[in-house]
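Here is how the chains run, residue by residue.
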Amino acid sequence: MATAREWLEGARLRTLSVSTAPVLAGTGVAWSVTGAEPPYASGWASFAVSLVPFVLCLLVGLALQVGGNFSNDYSDGVRGTDTHRVGPMRLVGSGAAPPGAVKRAAWISFALAGVIGLILASMAAGLLQVHAPGAPRVPVSVLTFVLVILVGAACVVAAWFYTGGAKPYGYMGLGEVFVFIFFGVVATVGTVVVQSPPVCASDATGAGIACPRQIAWGPTLVAAVVMGCFAMAVLVANNLRDLDTDARAGKITLPVRLGDRRTRVFYAILIAVSVVGLVVISWWTTWFALVSLLGAAMVLPSLVRVMRGATGRDLIHVLKWTGLSELATAVLLAVGLGIGWFHG
């Protein structure tokens, strides 16, 4: 039976920056770039209430990724893909935990994400009102509720079928594409949408009330690309490390398709696109957001290692620092956007 420490290692806590970073970046955009008055401008009560959807977004992302990590551990383990690994221990592949237990852990994590997601969807749709005294009530939108639920369900399906099912897309070289979509676009844009409050106003005739969400789509989408490219870089580093063993096991990842040299070039391109995206966000919003480049700079030693041909365990270091760089970039981006609002 696996120990608590082995279960924590199986959850791959070091990779959780991939789900945390887009929530942080999206929150920075939602609070500081939308044109709506930031919650802390209305007092600490409003600020505290505004933290609720942020925390819920964070918990949903973490639960989904932990579930995905356990799902990946289970599916690869029963297929024998993890029999010979260079990276961290896998619960099923190492025999530390029975497959059924790891599978249950995955679905418990997905269920937890679902419960929290229902609360978040209810808040975003105005079905569950949580607001500071004196703050306007959010108009009810059943469509918003349904869309948030559908997106959450799609996240669970994508997490399971990454390596699960009869034809897992992670074995067809599509893992990086889905990581970009779900840990970049969906996570970042979703965070912005659920945290951007509707601003209600009478129409020209005074006959009705319009309550559109105040979303700055330009910075939001660029931030999504930055987070998506960083997330892809994390997976590329992981799959580059396992390129030979994956090829022998029949797991056709993107690095297996591209080959060693082109995979390293692709990693460099992802980092370059992320850096350019940060500059674009800064130009679009506030130059204070350039502080995020300090976070991106943390990945440069890893980039040098990759381009110099690092293999095996050296790529574990690359994987770790790519994830930490993404997290630092997201934190500093949010800080820079906040400073820009204060000076605006």
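Because the structure is predicted, anything quoted here is derived from the model rather than measured.

Asks: What am I meant to see in the overall build of the protein here?
Replies: The number of helices and strands found in the protein is 14 helices and two strands. Taken across its 344 residues, the protein has 50% of its residues classed as buried. Of the roughly 15500 Å² of accessible surface on the protein, 70% is carried by carbon and sulfur atoms.

Asks: Could you clarify how one ought to interpret a nonpolar patch on the surface in this entry?
Replies: There is a patch of nonpolar side chains on the surface, built from Leu127, Val140, Val142, Leu143, Val146, Leu147 and Leu150 and spanning about 660 Å² of accessible area. Topologically, Leu147 is positioned in helix H6 (residues 142-160).

Asks: Would you explain the pattern of salt bridges in this entry?
Replies: Any two side chains of opposite charge can pair, on the condition that their charged atoms come close. Scanning all chains against the criterion turns up three salt bridges. For Asp242, the salt bridge goes to Arg241, with nearest N and O atoms at 2.9 Å. In this structure Asp242 comes out as buried when scored by relative accessible area, which is 4%. Arg264 is the salt-bridge partner of Asp260, the closest N and O atoms lying 2.7 Å from each other. Taken together, the residues Asp260 and Arg264, both in helix H11 (residues 260-284) and four residues apart, mark about one turn of the helix. What makes Arg264 buried here is its relative accessible area of 6%.

Asks: Any chance you could explain H6 here in plain terms?
Replies: Because an α-helix completes one turn every 3.6 residues, residues spaced three or four positions apart along the sequence face the same direction. When the terminal C-alpha atoms of H6 are compared, their 27 Å separation across 19 residues agrees well with the 27 Å that a helix rising 1.5 Å per residue should span. Every buried residue of H6 is listed here: Thr144, Cys155, Val156, Ala158, Ala159 and Trp160.

Asks: Explanation requested: the packing of aromatic side chains in the structure shown.
Replies: Each aromatic ring pair is summarised here by two numbers: the centre-to-centre distance and the angle between the ring planes. In total, this model carries eight aromatic pairs according to the counting rule given. Judged by centre distance (6.0 Å) and plane angle (25 degrees), the rings of Tyr74 and Trp160 are stacked. Of the two residues, Tyr74 sits in helix H3 (residues 44-79) while Trp160 sits in helix H6, which places them 86 residues apart along the sequence. Since its relative accessible area comes to 17%, Tyr74 is described here as buried. Between Trp283 and Trp284, the ring centres sit 6.2 Å apart and the planes meet at 55 degrees, which makes this aromatic pair tilted. Residue classification places Trp284 among the partly exposed positions, given a relative accessible area of 45%. Taken together through their ring pairs, the aromatic side chains of Tyr74, Trp107, Phe110 and Trp160 make up a single cluster.

Asks: Where do I start with helix H2 (residues 17-32) in this structure?
Replies: Between the first and last C-alpha of H2 there are 22 Å, a value that for 16 residues agrees with the 22 Å anticipated at 1.5 Å per step. Within H2, 16 of the 16 residues are buried, which leaves it mostly tucked inside the rest of the structure.

Asks: Before we go on, may I ask you to explain the nonpolar core in this structure?
Replies: Proteins that are soluble and globular tend to have nonpolar side chains buried together. Judged by nonpolar contacts, the single largest core of 77 residues is most densely connected at Leu64, Phe70, Leu91, Val102, Phe110 and Tyr267. The leading source of residues in this core is helix H8 (residues 217-241), at 14 residues. Tyr267 has contacts with Ala233, Val236, Ala237, Val299, Ser302, Leu303, Val306, Val318 and Thr322, leaving out every residue within four places of it along the chain.

Conventions used here
Residues numbered from 1 in each chain as written. Predicted model: local features only at pLDDT ≥ 70, side-chain atom pairs only at ≥ 80, totals over all residues. Heavy atoms only, no water. Helix = DSSP H or I, 4+ residues; strand = E, 2+ residues; numbered from the N terminus. Buried < 20%, exposed > 50% of the residue type's maximum accessible area, 1.4 Å probe, protein only. Areas by Shrake-Rupley, 256 points an atom, 1.4 Å probe, with all protein chains shown as cover. Patch = residues over 30% accessible without salt bridge, like charges linked within 9 Å, V, L, I, M, F, W, Y side chains within 5 Å. Salt bridge = Lys/Arg side-chain N within 4 Å of Asp/Glu carboxyl O. Expected span 1.5 Å × (residues − 1). Phe/Tyr/Trp six-rings, centres within 6.5 Å; stacked < 30°, edge-to-face > 60°. Core = buried A, V, L, I, M, F, W, Y, C linked by side-chain atoms within 4.5 Å. Contact = heavy atoms within 4.5 Å.

Any functional reading would require information beyond the geometric quantities listed.
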